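# Notes for the structure review
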Amino acid sequence: HPRELGDGMTTTLVTATDQAESALLNLHKKFMSENSPPDALVPLNEAAIQRFELLKFPHRKHEMYTFANTKDLVATPFALAAESQVSKDFIKSHVFPECESSCLVMVDGVLRDDLSDYSAIKSAVNIVPLEEAVAEAEIKEHLVDTIDKENDVFASINSAFLSQGTFIDIPAKKQVESPLQILHVSTGAAHGNVASHPRILLRLGAMAEFKMIVKYVGVQGNYLVNSVMDILVGEQAGITYAQVQEDATDAWHCSKTRIFEERNSRVVATNAFFGNKLTRHHFEAHLKDVGADLTLNSVSVLKDQEQVHHFVRIHHESPHTTSAQNFKNVVNDHSRSSVDGTVIVNQGAQQTFSDQLINNLMLSDNAHADNKPNLMIFADDVKCTHGATVGQLDADQLFYLKTRGLSGKVAKELLTKSFAESIVQTIDFPGVVKYLENTLLKKLEA
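Every value quoted in this text rests on a predicted model; they were computed, and no experiment measured them.

### Observations regarding the side chain of Ser335
- Mapped onto the elements of the fold, Ser335 is located in the loop between strand S17 (322-331) and strand S18 (336-345).
- The buried category is assigned to Ser335, whose relative accessible area is 0%.
- One polar contact links the side chain of Ser335 to the main-chain carbonyl oxygen of Asn332, over a distance of 2.6 Å.
- Residues contacting Ser335, with those up to four places away along its chain left out, are Leu302, Lys303, Asp304, Gln305, Glu306, Ala367 and His368.

### A look at helix H2 (residues 42-55)
- Its 14 residues place the ends of H2 20 Å apart at the C-alpha level, agreeing with the 20 Å of an ideal helix rising 1.5 Å per residue.
- Residues of H2 that are buried: Val42, Leu44, Asn45, Ala48, Ile49, Arg51 and Phe52.
- In the stretch just after H2, Lys56 is the one whose phi turns positive, near 65 degrees.

### Quick word on the nonpolar core
- Ranked by size, the top nonpolar core spans 51 residues in total, and within it Ile168, Phe210, Met212, Ile239 and Tyr241 carry the most contacts.
- Leave out the neighbours within four places in its chain, and Met212 touches Leu180, Ile182, Leu202, Met229, Ile231, Ile239, Thr240, Tyr241, Ala242 and Phe429.
- Formed by 38 residues, the second largest nonpolar core is a distinct cluster that contains Phe78, Ala133, Leu162 and Phe260.

### Comments concerning the sheet that holds strand S11 (residues 238-246)
- Strand order in this open sheet of ten strands is S3-S2-S6-S9-S11-S13-S15-S17-S19-S21, and the pairing throughout is mixed. Because the sheet does not close on itself, it has two edges, and the strands there are strand S3 (110-111) and strand S21 (382-391).
- By the bridge criterion, ten bridges tie strand S15 (residues 293-302) to S17 in an arrangement that is parallel. Along S17, the bridge assignment pairs Leu302 with Val331.
- Relative to S11, helix H10 (residues 430-438) is tilted by about 25 degrees, and along the sheet it contacts strand S9 (209-218), S11 and strand S13 (266-273).

### Quick word on the packing of H2 against helix H7 (residues 153-160)
- Viewed as axis vectors pointing N to C, H2 and H7 meet at an angle of 155 degrees, and their least axial separation amounts to 7 Å. Comparing their axes, H7 and H2 come out roughly antiparallel. The crossing of H2 and H7 is left-handed. In this structure, H2 contributes Leu44, Asn45, Ala48, Ile49, Arg51, Phe52 and Leu55 to the contact, and H7 contributes Val153, Ser156, Ile157, Ser159 and Ala160.
- The residue inventory of the contact of H2 with H7, partitioned by class, reads eight nonpolar, three polar and one charged.

### Considerations on the environment of Val343
- Residue placement: Val343 occurs in strand S18.
- Accessibility expressed as a relative area gives 1% for Val343, which makes it buried.
- Between the alpha carbons of Val343 and Glu437 there is a distance of 31 Å; along the sequence they are 94 residues apart.
- Aside from chain neighbours lying at most four places away, what touches Val343 is Ile314, His316, Gln325, Ser354, Asn374, Leu375 and Met376.

### Examining the pattern of salt bridges
- Summed over all chains, the structure comprises 21 salt bridges.
- A salt bridge links Asp340 to Arg313, with the nearest nitrogen and oxygen atoms 3.3 Å apart. Placement of the pair is Asp340 in strand S18 and Arg313 in strand S16 (residues 307-316), with a sequence separation of 27 residues. Just as Asp340 is buried, Arg313 falls in that class too.
- It is possible to trace a salt-bridge network through shared partners that takes in Glu150, Asp230, Lys256, Arg258 and Glu284.

Rules used in this analysis
Residues numbered from 1 in each chain as written. Predicted model: local features only at pLDDT ≥ 70, side-chain atom pairs only at ≥ 80, totals over all residues. Heavy atoms only, no water. Helix = DSSP H or I, 4+ residues; strand = E, 2+ residues; numbered from the N terminus. Buried < 20%, exposed > 50% of the residue type's maximum accessible area, 1.4 Å probe, protein only. Polar contact = N/O pair within 3.5 Å; in protein donor to acceptor, adjacent residues only side chain to side chain. Contact = heavy atoms within 4.5 Å. Expected span 1.5 Å × (residues − 1). Core = buried A, V, L, I, M, F, W, Y, C linked by side-chain atoms within 4.5 Å. Pairing = 2+ DSSP bridges. Axes fitted to C-alpha atoms, helices over the stretch in contact; angles between N-to-C directions. Parallel < 35°, antiparallel > 145°, perpendicular 65-115°, else oblique. Left-handed = near helix turned anticlockwise from the far one by under 90°. Nonpolar A, V, L, I, M, F, W, Y, C, P; charged D, E, K, R; others polar. Salt bridge = Lys/Arg side-chain N within 4 Å of Asp/Glu carboxyl O.

Rendered as structure tokens:
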């Protein structure tokens, strides 16, 4: 047991964190020697582990983890997930109807051609291993730059253990009709805990159009999925995507989505979270040129002791850029949600428009919903708004529904479902909407 000096808790926590960092460094040495990552990725692995040593695991008052307590996660020893078998029936049950012939299956971070079928888009999209893609100067420069500037320790860990990344390239002017599903499957462990580090780099050429669905699921628990996805959106290109987090309840989920938008590009993103031991999603967007437009919608439905934490940073880096965010969280029992969201308007980014709204519905006195909306504005001709609400079901609405003949139970379900469904209905994929209505929203039934 670590010896306590002075403020015992602080000393103990620091000691435990140091031990966890040493354990991860030892695991990385083992990974480099035994897993033999591709030669093209080794410099990235080495740069990322150095970045990890600089960033370190977060302490209790770390500004990026104000509401997400990662103490238990950091203290848990993880082995690297080994290649495991997954039944085709399991895969089939998680492929959306729109994507039966356009689905990439990643098992513990490894693209599995034997389980994937992307015949519907094969002629329109280039899909290659990241180790081959780094031969292109633009891709290598992007990876090196993001690793050197990484501010999230878990994203640094992802790069440190990078060996099986996938590059998805949509050529200029290509209009891809079928949506692509990326299905992340974590096989978990019967004993102990395992970790995987999926990596996706997606690039849209100028004037390209693309649709995508990302889904995270687990065969069994006892795992950490620690994912990073970069999306590079070219001039006048557009992408619409939905992300569904439905990991095992006995698991951890860390993911980072990084978006870079060029002139007159468009991104519409909708995220749906089921929660688990700890889910943390870091969303970072850079609106780099005039006319870049971003829409981010998100819904979480949590019960028991499930957690979902959002860390969002939107950078308006050029004039005439637009962003809109809408978060809705339903928290019940002892569950916890948080949204730490900041919009940064750079100096000179005039005529920026930004709107952020966070709504939380509390179904239990023991649940927690934390909000930290923030604006950092360094230009004087902008229109930026933000707001957050935390509340319970409206007593007048409940009373009205009861007077129309509905029982208290049915009235409560109707109001809670309509609150969350307003986000679900913004999703552009009917199969995903139907699925979430039958799963995520079912969590609201007593």
